[in-house]
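An overview of the molecular structure
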Amino acid sequence: AVTFSKILMRINPLKICIVDDVPAYFNEDMISIARAAGYSSIERLYTVDKNTLERLLQEPADIVILDIKGVAQPEVAKDGFGIAQVLSHHTSTFIAITSAHQYKLRNVQLECDYVIDQRLLTPVDFLSELEVIVGLALDRKIRFYRKLFFRLGFVLLRSTLKHS
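In short, a report on the structure. (Residues numbered from 1 in each chain as written. Predicted model: local features only at pLDDT ≥ 70, side-chain atom pairs only at ≥ 80, totals over all residues. Heavy atoms only, no water.)

What follows deals with the side chain of threonine 93. You can see threonine 93 is positioned in the loop between helix H4 (80-90) and strand E4 (94-98). Judged by its relative accessible area of 4%, threonine 93 is buried. A distance of 2.8 Å separates a polar side-chain atom of threonine 93 from the backbone oxygen of alanine 61. Polar side-chain contacts of threonine 93 include one of 3.1 Å to the side chain of threonine 91. (Helix = DSSP H or I, 4+ residues; strand = E, 2+ residues; numbered from the N terminus. Buried < 20%, exposed > 50% of the residue type's maximum accessible area, 1.4 Å probe, protein only. Polar contact = N/O pair within 3.5 Å; in protein donor to acceptor, adjacent residues only side chain to side chain.)

Written out as structure tokens, the structure reads:
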């Protein structure tokens, strides 16, 4: 079935960036299947250095899936939490956090939009989770535009009433 999100992605593909230091996670098979399913703009990174962070701030991805351990160069942040904090404060990127060590995600104040709470061992697991993440990210964008259109409509209505 073609979903609304897939229709939107055909018009303007979402830029998805995956950052995980372990090559076995989010591996090429997973990314290939995701691309075949319509997620055509996926970038796979293993670490974030100063140049990469600067690029993510200047040309933000729509979605960043971010591991918390082993992905940050020391000059950038202590860990993935620090990268998430910078991205969430300076971009409108939808941030999903993941970790092979799920206990590290409990009882922590997170600067993210979504927590992947299970290990994604197969391409099917990854694709299912990616569909959830994309759905949530698009839902957030649509809510923003609805509010914007409502406010613009209200301003126009008020202006029309003043001039009548």
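Note that strand E1 (residues 15-19) and strand E2 (residues 41-45) share five bridges and pair parallel. Bridging from a neighbouring strand, isoleucine 18 pairs with arginine 44 of E2. Regarding topology, helix H2 (residues 28-36) serves as the crossover connection from E1 to the parallel E2, and that connection is right-handed. (Pairing = 2+ DSSP bridges. Right-handed = clockwise from strand over helix to strand, strands pointing away.)

In contact at an axis separation of 10 Å, helix H3 (residues 50-58) and H4 are set at 25° when each is read in the N-to-C sense. For the element pair H3 / H4, the angle class is roughly parallel. Seen from above, H3 lies across H4 with right-handed handedness. In this structure, H3 contributes Leu53, Leu56 and Leu57 to the contact, and H4 contributes Ile83, Val86, Leu87 and His90. Taken together, the residues of the contact of H3 with H4 sort by class into six nonpolar, one polar and no charged. (Axes fitted to C-alpha atoms, helices over the stretch in contact; angles between N-to-C directions. Parallel < 35°, antiparallel > 145°, perpendicular 65-115°, else oblique. Left-handed = near helix turned anticlockwise from the far one by under 90°. Contact = heavy atoms within 4.5 Å. Nonpolar A, V, L, I, M, F, W, Y, C, P; charged D, E, K, R; others polar.)

What follows is about empty space enclosed by the protein. Counted by the stated rule, this structure contains one cavity of 30 Å³ or more. Of the pockets and cavities examined, the largest cavity occupies roughly 100 Å³. Lining the largest cavity are eleven residues, and of these Tyr25, Phe26, Thr98, Arg119 and Leu120 sit closest to its centre. (1 Å grid on protein atoms, 1.4 Å probe; cavity = no way out; pocket = protein on both sides within 12 Å on 5 of 7 lines; lining within 4 Å. Points joined across faces, edges and corners; volume = space filled by probe spheres on them.)

What follows is about H2. For H2, the set of buried residues is Met30, Ile31 and Ala34. Seen from one end, H2 has its buried residues packed into an arc of 95°, which puts them on one side. For H2, the exposed residues lying more than 90 degrees away from the buried face are Glu28, Asp29 and Ala36. Capping the start of H2 is the job of one residue whose side-chain oxygen sits 3.0 Å from the backbone nitrogen of aspartate 29: asparagine 27. Looking one or two residues beyond H2, the residue adopting positive phi is glycine 38, at roughly 115°. (Arc of directions from axis to C-beta.)

Spatially, E2-E1-E3-E4-E5 is the arrangement adopted by the five strands of the open sheet, whose pairing is parallel. Each edge of the open sheet carries a strand with a single partner, namely E2 and strand E5 (114-115). Looking at chain direction, E1 and strand E3 (residues 63-67) are connected through four bridges and run parallel. For isoleucine 16, the partnering residue across the bridge sits in E3 and is isoleucine 63.

This paragraph deals with the packing of aromatic side chains. Under the criterion given, the structure shown has one aromatic pair. Between the aromatic rings of phenylalanine 26 and phenylalanine 126, the centroid separation amounts to 5.5 Å while the plane-to-plane angle is 75°, which identifies the pairing as edge-to-face. Of this pair, phenylalanine 26 sits in the loop between E1 and H2 while phenylalanine 126 sits in helix H5 (residues 123-163), placing them 100 residues apart in sequence. Each of the two residues, phenylalanine 26 as well as phenylalanine 126, counts as buried. (Phe/Tyr/Trp six-rings, centres within 6.5 Å; stacked < 30°, edge-to-face > 60°.)

That's the geometry; what it means functionally is another story.
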